[in-house]
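Structure assessment
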Amino acid sequence: MAGAIGRRLAVERLRQAILAGEMAPGQRLVEEELAGMLGVTRASLRGLVERIPNRGARVRAVTLDEAVAITECRMALEGLCAAKAAERVTEPDAARLRQLGEEMRRCVADGELLKYSALNHELHRLVREISGQAVATSLLERLNGQLVRHQFQLSLRPGRPQSSLPEHLAIIAAVAGRRPAEAEDATRRHLSSVISSLRDEQPAQSQKAQFQEEAR
């Protein structure tokens, strides 16, 4: 459990550092220094950074094909979590989800895209939490960790928030309304849209994926 907590902490702190511009794409890293900066152990960084012979380490990059494959796996796991969440959701949970939805609406209307992206991440996390599906949640955290460097970028693309907002609101409505099959379908449709956006943006398979875990 301690290892899992350390990894979640590393993912979140690394995500924040990248968003704040403290790390640039492809930037060389010293793994020990990175662990110290984030306040985590080197073991917690496993899978988040890659070692390059004679050159040190850098935040791990993924190809377009990898990003699509990971999102396909997320589709199955997050669909399961959404269905389970719809079965287990309480009135306080539903109220939290609906409040998130309203905040996401305001962010898109006001053009606050960074905040919208953060709320997107929080929505997916909350659905996983409500689901109580610990195994799926653990697997998703590992998958999302591989994409940490790109998680905000999709939401910042012109027109994408306007497209993804109704998808997120559909997930919220189905989970809060205790409709498991509809919640799973809405989640799968959302992640299928993410895959389409990735392929439209980066048609060349050799290019690096500009990817968000919306990334939910």
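Since the model is a prediction, treat every value here as computed from it, not as a measurement.

**Some thoughts on the packing of helix H5 (residues 113-131) against helix H7 (residues 160-176)**
Each pair of packed helices can be summarised by the angle the axes make with each other and by the distance between the axes. Following both chains from N to C, one finds H5 and H7 inclined at 30°, their axes separated by 12 Å at the closest point. Compared by their axis directions, H5 and H7 come out roughly parallel. Like other packed secondary-structure pairs, H5 and H7 cross with a definite hand, here left-handed. Here Leu113, Tyr116, Asn120, Leu123 and His124 of H5 come into contact with H7, specifically with Pro161, Ser164, Leu165, His168 and Ile172. Across the contact of H5 with H7, the residue classes tally to 6 nonpolar, 4 polar and no charged.

**Focus on the nonpolar core**
Ranked by internal contacts, the top residues of the largest apolar core, which has 25 residues, are Leu97, Leu123 and Val175. Of all the secondary-structure elements, those providing two or more residues to this core are helix H3 (64-88), helix H4 (91-110), H5, H7 and helix H8 (180-201). With 7 residues, H7 is the largest single contributor of residues to this core. Setting aside chain neighbours within four positions, we find Leu97 in contact with Val89, Leu123, Leu126, Val127, Ile130, Ile172, Val175 and Ala176.

**Brief notes about the pattern of salt bridges**
All told, the structure shown has 10 salt bridges when counted by the stated rule. Glu167 is the partner of Arg160 in a salt bridge, and the nearest nitrogen-oxygen pair spans 3.6 Å. Residue classification places Arg160 among the buried positions, given a relative accessible area of 6%. Where salt bridges share partners, they join Arg96, Glu122, Arg125 and Glu129 into one cluster.

**Notes on the side chain of His168**
Structurally, the position occupied by His168 is in helix H7. Among the polar contacts made by the side chain of His168, one reaches the side chain of Asn120 at a distance of 3.2 Å.

**Some remarks on the packing of H4 against H7**
Two numbers describe how H4 lies on H7: the axes approach to 10 Å, and their chain directions differ by 165°. When the axes of H4 and H7 are compared, the pair comes out roughly antiparallel. Once H4 is placed against H7, the crossing between them reads as left-handed. Residues Ala94, Leu97, Arg98, Gly101, Met104, Arg105 and Val108 of H4 form the contact with H7, whose own contacting residues are Pro161, Gln162, Leu165, His168, Leu169, Ile172, Val175 and Ala176.

**Overview of the confidence of the model for the chain**
When pLDDT is averaged along the chain, the result is 78; 60% of the residues meet or exceed 70. Across the chain, the secondary-structure element scoring lowest on mean pLDDT is helix H1 (residues 2-19), at 60, and the one scoring highest is H4, at 96. Taken together, the stretch residues 203-216 has pLDDT below 50 and engages in 62 contacts with residues farther than four places along the chain or on a different chain.

**Some details on unusual backbone geometry**
Located in the positive-phi region is Arg178, a residue other than glycine, with phi close to 60°. According to the relative accessible area criterion, Arg178 is partly exposed, its value standing at 40%.

**A few points about the environment of Ser193**
Looking at where Ser193 falls in the secondary structure, it is placed in helix H8. Separated by 26 residues in the primary sequence, Ser193 and Glu167 place their C-alpha atoms 8.9 Å from one another. With residues near it in sequence (within four places) discarded, Ser193 still touches Arg160 and Glu167.

Analysis parameters
Residues numbered from 1 in each chain as written. Predicted model: local features only at pLDDT ≥ 70, side-chain atom pairs only at ≥ 80, totals over all residues. Heavy atoms only, no water. Axes fitted to C-alpha atoms, helices over the stretch in contact; angles between N-to-C directions. Helix = DSSP H or I, 4+ residues; strand = E, 2+ residues; numbered from the N terminus. Parallel < 35°, antiparallel > 145°, perpendicular 65-115°, else oblique. Left-handed = near helix turned anticlockwise from the far one by under 90°. Contact = heavy atoms within 4.5 Å. Nonpolar A, V, L, I, M, F, W, Y, C, P; charged D, E, K, R; others polar. Core = buried A, V, L, I, M, F, W, Y, C linked by side-chain atoms within 4.5 Å. Buried < 20%, exposed > 50% of the residue type's maximum accessible area, 1.4 Å probe, protein only. Salt bridge = Lys/Arg side-chain N within 4 Å of Asp/Glu carboxyl O. Polar contact = N/O pair within 3.5 Å; in protein donor to acceptor, adjacent residues only side chain to side chain. pLDDT = per-residue confidence, 0-100.

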